[in-house]
Amino acid sequence: GRFVLLASPNSDITDMTGLKGQTIAIGNNTIIQYIGDKVCEMNGFAESDIVTDNIPDLALRLETLLADGVPAAILPDPLATVAVLNGAVPLVDDTQLKDEQGKPVNLSQSVVIFRQESIEQKADAISLAMQAYNEAKNKITNDPESYRGALLEFTSIPENLAATYDMPTYTA
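Our subject in this report is the structure included herewith. This one's a predicted model, so the numbers in the text were calculated from it and none came from an experiment. (Residues numbered from 1 in each chain as written. Predicted model: local features only at pLDDT ≥ 70, side-chain atom pairs only at ≥ 80, totals over all residues. Heavy atoms only, no water.)

Digging into the sheet that holds strand E2 (residues 23-26)
The pairing of strands in a sheet happens through backbone hydrogen bonds and is either parallel or antiparallel. What counts, and what does not: We treat two strands as partners when DSSP finds at least two bridges between them. Secondary structure counts use DSSP, requiring at least four H or I residues in a row for a helix and at least two E residues in a row for a strand, with both numbered from the N terminus. Axis definition: a line fit to C-alpha positions, over the contact stretch in the case of helices; interaxial angles, taken between N-to-C directions, run 0 to 180 degrees. Two residues form a contact once any of their heavy atoms are found within 4.5 Å.
Reading across from one edge, E3-E2-E4-E1-E5 is the order of the five strands in this open sheet, with mixed pairing throughout. Because the sheet does not close on itself, it has two edges, and the strands there are strand E3 (51-54) and strand E5 (89-93). Sheet twist, expressed as the average angle between the axes of neighbouring strands with direction ignored, equals 30°. In terms of strand pairing, E2 meets strand E4 (residues 72-76) through two bridges, oriented parallel. Looking across to E4, one finds that Ala-25 is bridged to Ala-73. Along the sheet, helix H2 (residues 58-66) makes contact with strand E1 (3-7), E2 and E4, crossing E4 at roughly 140°.

Below you can see the structure in the form of structure tokens.
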């Protein structure tokens, strides 16, 4: 998924340099904290340059950012898109990150984990589930628009984003 580091609508922060010494709302011990740490590291920040505020509830984090209750926050889509539409300033989009050689950097990896006991007792079922997962991932990536209806039906994409929301694609 896509994660965006955003500045609040009425802050004076327009780029990463403006974040030094500021507070970023995150969720502790989550992929969002990891992304925040890595993005700050990639931009030359020391750990002491940033303060984090643990706001685990994503809707509350969005609301707090838009009300200028925090100067910055990291949000996943579709909440990041909602934030931008309501005046938040995107500083870093993790889908656009590149390393020093210009190669894409994918920080928001997802993993599937099974307990050893499950692997031993349900290997066939796990294999079938992973085959189905990979087949679905490939179908969505190859023709994302044909799955827009399912995305809108089974997720919480706000109605005002339904027609313009960028459909996700998936890597190997």
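Having put the structure on the table, let's press on.
Digging into the layout of surface pockets
So the rule is basically this: Definitions used throughout: a 1 Å grid over protein atoms alone; a cavity as a set of points that fits a 1.4 Å probe which cannot get out; a pocket as an open set with protein on both sides within 12 Å along at least five of seven lines; a lining residue as one with an atom within 4 Å of a point. Grid points are joined across faces, edges and corners, and a volume is the space filled by probe spheres set on the points. Any residue outside Ala, Val, Leu, Ile, Met, Phe, Trp, Tyr, Cys, Pro, Asp, Glu, Lys and Arg is labelled polar, Gly included; the first ten of those are nonpolar and the last four are charged.
Of the pockets and cavities examined, the largest pocket occupies roughly 1,100 Å³. Looking at the largest pocket, it is lined by 37 residues, and the ones nearest its centre are Gly-1, Arg-2, Pro-168, Thr-169 and Tyr-170. Looking at the lining of the largest pocket residue by residue, the classes come out as 18 nonpolar, 14 polar and five charged. Roughly 260 Å³ of internal volume is contained in the second largest pocket. In terms of lining, the second largest pocket is formed by 14 residues, of which the most central are Gly-36, Asp-37, Cys-40, Glu-47 and Ile-50. At the level of elements, E2, helix H1 (31-42) and E3 are the ones that each hand at least two residues to the lining of the second largest pocket. Per-element accounting of the lining of the second largest pocket gives the leading share, five residues, to H1. Looking at side-chain class alone, the lining of the second largest pocket contains eight nonpolar, three polar and three charged residues.

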